[in-house]
Amino acid sequence: MKISIIYVSQGGNTEAAAECISEGILAKFPFIEVKLMSIQDNEVDLAFLKQSDAVIIGTPVYCAGMSWELKKWFDSNVKLDLSGKIGAAFVTAQSPVGGTDTAIMDIARNMLLKKMLVFSGAGEKTENKFQLGAVGIAETLDHDAAQFEIFGENVAQIAVKIAAK
């Protein structure tokens, strides 16, 4: 089983969140192959992405939405077939009221356009059972690390359940 984590990180916060998500996946599911891919560094491995059972996408919040780099990536890869894959979104922001929910919905909308199965990442260990995705705030990112690990574990768990059927 493979899981791709695609992200944009301008100040390092989103990259740190992606690493925590990967750690959460591997702590519970060491048999899963996880690949972190930075859009800015042109690290997106399309072959690995196409083989992935789940794709987790993250961005810093920019003007109450996803970053322009991620928007460009979605637009440039409009023909990329991700149908049937589990999709989950995460964001980092300077403030919890700066558009974190709309940025997650930007990602989710693009996942839906790619015919992905969008998953919130909520699970039994999640404090907030009604989340849209994982959110990290720059000021409390160290504290938010556990949330990102649980988010990764929850996404992997649903991918494993679906793959087993």
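As a reminder, the structure under discussion sits directly above these lines.
The structure contained in this document is the topic of the report that follows. Remember, predicted model here, so these are calculated numbers, not experimental data. Along each chain, numbering runs from 1 in the same order as the chain's sequence is written. Thresholds applied to this predicted model are a pLDDT of at least 70 for local features of residues and 80 or more for the giving and counting of side-chain atom pairs; totals over whole chains, interfaces and linings are not thresholded and use all residues. Neither water nor hydrogens contribute to the side-chain values; these are computed over all heavy atoms in the structure.

1. A closer look at the overall build of the chain
Secondary structure follows DSSP: runs of H or I at least 4 residues long count as helices, runs of E at least 2 residues long count as strands, and numbering of each begins at the N terminus. When you go through the chain residue by residue, the secondary structure sums to five helices and six strands. Helices and strands appear in the chain in the N-to-C order β-α-β-α-β-α-β-α-β-β-α. Here the globule rule is a power law, 2.2 Å times the number of residues to the power 0.38, and the radius of gyration is based on C-alpha atoms. Over its C-alpha atoms the chain spans a radius of gyration of 14 Å, differing by no more than 12% from the 15 Å that the globule rule assigns to 165 residues. Taken along its principal axes, the extent of the C-alpha atoms in the chain is 40 × 35 × 25 Å. Exposed residues in this analysis have more than 50% of their type's maximum accessible area, buried residues have under 20%, and partly exposed residues fall in between, with area computed by a 1.4 Å probe over protein chains only. Among the 165 residues that make up the chain, the fraction classed as buried is 52%. Intrachain contacts of the chain at a sequence separation of at least 6 include 77% that bridge at least 24 residues. Only heavy atoms enter the contact rule, under which two residues are in contact if any of them lie within 4.5 Å.

2. Observations concerning unusual backbone geometry
Unlike most non-glycine residues, Asn42 shows phi in positive territory, near 55°. Relative to the helices and strands, Asn42 resides in the loop between strand 2 (33-38) and helix 2 (46-51).

3. Observations concerning the pairing of strand 3 (residues 54-60)
Here strand 3 lies mainly inside the structure; seven of its seven residues are buried. Where burial is concerned, the two faces of strand 3 agree: the one with Ala54, Ile56, Gly58 and Pro60 and the one with Val55, Ile57 and Thr59 are both buried. In terms of strand pairing, strand 1 (residues 2-7) meets strand 3 through five bridges, oriented parallel. Bridge pairing links Ile6 to Ile57 in strand 3. At least two DSSP bridges between two strands are needed for those strands to be called paired. By the bridge criterion, seven bridges tie strand 3 to strand 4 (residues 86-93) in an arrangement that is parallel. In the strand pairing of strand 4, Ala54 is matched with Ile86. By the criterion used throughout, a crossover qualifies as right-handed when its path from the first strand across the helix to the second strand runs clockwise, the strands pointing away from the viewer. Considered for its hand, the β-α-β crossover made up of strand 3, helix 3 (residues 68-76) and strand 4 is right-handed.

4. Structural notes on the environment of Gln10
Tracing the backbone shows Gln10 in the loop between strand 1 and helix 1 (13-28). Of the residues examined, Gln10 reaches a relative accessible area of 46% and is grouped as partly exposed. C-alpha separation for the pair Gln10 and Thr59, spaced 49 residues apart in sequence, amounts to 8.8 Å. Whenever a nitrogen or oxygen atom comes within 3.5 Å of another N or O atom, the pair is scored as a polar contact, on the condition that within protein one atom can donate a hydrogen and the other can accept it, and that pairs from neighbouring residues in sequence are kept only if both atoms are in side chains. Of note is the side chain of Gln10, whose polar atom sits 3.3 Å from the side chain of Glu69.

5. Brief notes about helix 3
Regarding helix 3, the residues found buried are Glu69, Leu70, Trp73 and Phe74. Each buried residue of helix 3 lies within a common arc of 135° when the element is viewed along its axis, so the set occupies one face. More than 90 degrees from the buried face of helix 3, the exposed residues found are Trp68, Lys72 and Ser76. Those residues of helix 3 hidden inside the fold are in contact with strand 1, helix 2, strand 3 and helix 4 (100-113). What the arc measures is the spread of directions leading from the helix axis to the C-beta atoms.

6. Focus on the pattern of salt bridges
The salt bridge criterion pairs a side-chain nitrogen of Lys or Arg with a carboxyl oxygen of Asp or Glu, the two atoms within 4 Å. Following the criterion strictly, the structure yields four salt bridges and no others. A salt bridge links Lys35 to Asp45; its shortest N-O distance comes to 2.7 Å. Within this pair, whereas Lys35 is found in strand 2, its partner Asp45 is found in the loop between strand 2 and helix 2, the two being separated by 10 residues in sequence. Between Arg109 and Asp106 there is a salt bridge, with the nearest N and O atoms lying 3.0 Å from each other. With a gap of three residues between them, Arg109 and Asp106 both fall in helix 4, about one helical turn apart. Taking relative accessible area as the criterion, Asp106 reaches 16% and is therefore assigned buried.

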